[in-house]
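# An overview of the molecular structure
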Amino acid sequence: MTAGGRTAAGGPPVMVVLRGLGLGDLLTAVPALRALRRAHPGHRIVLAAPASLAALVPLIGAVDELLDVSGPGPVPLGAAPDLAVNLHGRGPQSLAALRRTGPGRLLTHAHPDFPEVRGPSWRGDAHEVRRWCDLLGWYGIAADPGDLELEVPQGWATPLVARSWGAGPAPESVSPWEPAPVAVDSGAAGPGPESVSSWGPEPVAVDSGAAGPGAEVSPSGWPVPATGPGPCGSPSEMSGPVAGRAPAGRGAARRGPRVPRSGRPASVILHPGAAAPARRWPPERFALVAVALRQAGHEVVITGNAGERALAEQVASLACLPEACVLAGRTGLRDLVALVARARLVVCGDTGVAHLASALATPSVVLFGPVSPALWGPPHGPHVALWAGRSGDPHGDLPDEGLLEIGVLEVLDAAVNLLEAGVR
C-alpha cells in the first residue's frame, strides 16, 4: 500500500503517524490521533501500523489510510509527507525511520542521537495515554487523555458468541445469590523499556501479608487445595503448585463472595493470555473464576488468539465449560470488538483486550503483575485494576511473583462489585 506525499499529487497535504505496535498500543494513542485530526482537518492522515488492526481504524474517526508497518519502521511512503508524528516510541529507530521519509516537519520526543531535532524529553513514569497527549501539547496541540471511547456500528454483529446454555442450564440456587466456589485466596501487554501520572487510576493494592495456605471450604463443603481446581472445579490434587511457583494459598479460610445471578444470558469474557508469561495469571485460577460465574448463571466465554487456543481450552477443561465457549482463535478483530462491546464483564491480564474494554466502556477486572497500572492501567470508570504493589520484568518467562499474589477471591470480589452495579 502506498500513501501519497506532501501534497498527495495535487490533493491535500499528508500527515504520517507511526504506531507500529499492537492492539492495546493503538488504543492508548486514540486521544492523540483525534487531537491531530482536530488540529489539521485538511490533512490526509496516514497511520503507519500493522494491517491486522485495520478493522479498528474506522472506529477511531481520525485516520484516512492505514499503511502496513510493524515495529519502528521503515515507513514506505510514496513521497515526502508534510508532517510526520512519532507516536511509536522514544527512538532512535522510529525517529530515524520518520526522518527518512523527508517530512516538512517532525513531531517527536528529543533523542541524543539527533541533537538537531527539537522535542520534549522522554518521561519513563508517564501513563501511556498521557505520554502522547503531552507530546502533542509540547507542540501546541491540545489533546484530551479521556477521549478514548470507541462506538461500535449497529451493523456489527457477534456471530461467534458461544451458546453455552446448549449444554444445559447453570446450576440453580436456592436464593437470588449463588455463593462462589471458593478457591484459595492466593496470590499482562505491558510496556517495553520505553514506556506514574496523575491521569492514571489509583492502583488497587493487594494485601501482601503472607499467611500460610489454609484449607478453604466450597459451597459443597469440601476443601479446595492450594494447587487449584480439579475437573469441573471439584477438589482434586493437581500435578504441582500453580505454574511451578510457590503455593497459592495466602490468608485465612473463608467462603467466597456471593456472585449475583445473571438475569439474562449475556457473556462474561475471560481472557487468560498475554504476550509474555510474566503477565499471565495461572489458568487454574481463571478456571475457578469461570466456575463461580457459571454457577451464578453467567455465560462465560474464553477469548484469545490462535496461539492461545490451547491455553483457553485448558481453562475451559478445568472449569468443565463446553467447547463452544472457547472462542480463542475463532474471532477476528471485528468479532472481538463486537463481543467485548456487548459483554457484561471482561476479566483479563495486562494486555490489549483490557484496553479494548476501556475503549468500549465495558466493565473490566484487569490483573497487573510486573507493571504498575499507573503506567498502563484503565481510566476511571467501570474498571478495577488489581496489583500487588511491586514491579518486575514484564517480558519474563515465568508468571510474575506479584501477579501470583492476586488471589481468586480478590478477582471474584472485584467482579461481583461490577456485576452488582448493573452497568450492563
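Our subject is the structure that appears above.
So, a few notes on the structure that sits alongside this text. (Residues numbered from 1 in each chain as written. Predicted model: local features only at pLDDT ≥ 70, side-chain atom pairs only at ≥ 80, totals over all residues. Heavy atoms only, no water.)

Quick look at the overall build of the chain now. Assigned secondary structure in the chain consists of twelve helices and 15 strands. Carbon and sulfur atoms make up 54% of the accessible area of the chain, which totals about 15900 Å². (Helix = DSSP H or I, 4+ residues; strand = E, 2+ residues; numbered from the N terminus. Areas by Shrake-Rupley, 256 points an atom, 1.4 Å probe, with all protein chains shown as cover.)

Before going further, it helps to spend a moment on the packing of aromatic side chains. Enumeration according to the criterion identifies three aromatic pairs in this entry. Their ring planes at 70° and their centres at 5.9 Å tell us that Trp-122 and Trp-132 sit as a pair that is edge-to-face. In this pair, Trp-122 sits in the loop between β5 (105-107) and α5 (128-138) while Trp-132 sits in helix α5, placing the two residues ten residues apart along the sequence. Residue classification places Trp-122 among the buried residues on the basis of a relative accessible area of 17%. Given the relative accessible area of 0%, Trp-132 is considered buried. Plain terms: the ring middles of Trp-138 and Tyr-139 are 4.9 Å apart, the flat faces sit at 75° to each other, and that makes the pair edge-to-face. On the basis of relative accessible area, Trp-138 is assigned to the partly exposed category, the value being 39%. Note on Tyr-139: relative accessible area 15%, which makes it buried. (Phe/Tyr/Trp six-rings, centres within 6.5 Å; stacked < 30°, edge-to-face > 60°. Buried < 20%, exposed > 50% of the residue type's maximum accessible area, 1.4 Å probe, protein only.)

Among the five residues that make up strand β15 (residues 383-387), five are buried, leaving the element largely enclosed by the rest of the structure. Of the two faces of β15, the one lined by His-383, Ala-385 and Trp-387 and the one lined by Val-384 and Leu-386 are each fully buried. Where strand β14 (residues 364-367) and β15 come together, four bridges link them in parallel fashion. Looking across to β15, one finds that Val-365 is bridged to Val-384. (Pairing = 2+ DSSP bridges.)

Another aspect to go through is the sheet that holds strand β2 (residues 44-49). With parallel pairing, five strands are arranged side by side in an open sheet as β3-β2-β1-β4-β5. Bordering the open sheet on either side are β3 (65-68) and β5, each of which pairs with just one other strand. Neighbouring strand axes in the sheet, compared pairwise and without regard to direction, differ in orientation by 20° on average. Summarising the sheet, strand β1 (residues 14-18) and strand β4 (residues 83-86) pair through four bridges and their orientation is parallel. For Val-16, the partnering residue across the bridge sits in β4 and is Ala-84. (Axes fitted to C-alpha atoms, helices over the stretch in contact; angles between N-to-C directions.)

This paragraph deals with the side chain of His-111. Position of His-111 relative to the elements: it lies in the loop between β5 and α5. Among the polar contacts made by the side chain of His-111, one reaches the main-chain amide nitrogen of Asp-113 at a distance of 3.0 Å. Those residues in contact with His-111 that lie beyond four places of it in its chain are Arg-90, Gly-91, Pro-92 and Leu-95. (Polar contact = N/O pair within 3.5 Å; in protein donor to acceptor, adjacent residues only side chain to side chain. Contact = heavy atoms within 4.5 Å.)

Below, the discussion takes up empty space enclosed by the protein. Looking at the largest cavity, its volume works out to about 90 Å³. Lining the largest cavity are twelve residues, with Thr-28, Val-129, Leu-148, His-355 and Ser-358 positioned closest to its centre. Among the elements of the structure, α1 (23-28) and α9 (352-359) are those that each provide at least two residues to the lining of the largest cavity. A per-element tally of the lining of the largest cavity places α9 first, with three residues. Its residues assigned to classes, the lining of the largest cavity shows seven nonpolar, five polar and no charged. (1 Å grid on protein atoms, 1.4 Å probe; cavity = no way out; pocket = protein on both sides within 12 Å on 5 of 7 lines; lining within 4 Å. Points joined across faces, edges and corners; volume = space filled by probe spheres on them. Nonpolar A, V, L, I, M, F, W, Y, C, P; charged D, E, K, R; others polar.)

One finds Val-17, Leu-33, Leu-47, Leu-56, Val-85, Leu-87 and Val-337 to be the most contacted residues of the largest nonpolar core, which totals 61 residues. With seven residues, the top contributor of residues to this core is helix α8 (residues 333-341). Apart from residues no more than four positions distant in its own chain, Leu-87 is found in contact with Val-17, Leu-18, Arg-19, Ala-29, Ala-32, Leu-33, Trp-132 and Leu-135. Listed in part, the 37 residues of the second largest apolar core include Ala-287, Val-315, Ala-319 and Val-365. (Core = buried A, V, L, I, M, F, W, Y, C linked by side-chain atoms within 4.5 Å.)

Taken N-terminus to C-terminus, the directions of helix α6 (residues 283-295) and helix α12 (residues 408-420) make an angle of 40°; their axes are 10 Å apart at the nearest point. On the basis of the axis angle, α6 is oblique to α12. Between α6 and α12 lies a crossing of right-handed hand. In this structure, α6 contributes Arg-285, Leu-288, Val-289, Ala-292 and Leu-293 to the contact, and α12 contributes Val-408, Val-411, Leu-412 and Leu-419. Split into classes, the residues belonging to the contact of α6 with α12 amount to eight nonpolar, no polar and one charged. (Parallel < 35°, antiparallel > 145°, perpendicular 65-115°, else oblique. Left-handed = near helix turned anticlockwise from the far one by under 90°.)

So, to be careful, I would describe these as geometric facts and stop short of saying anything about function.
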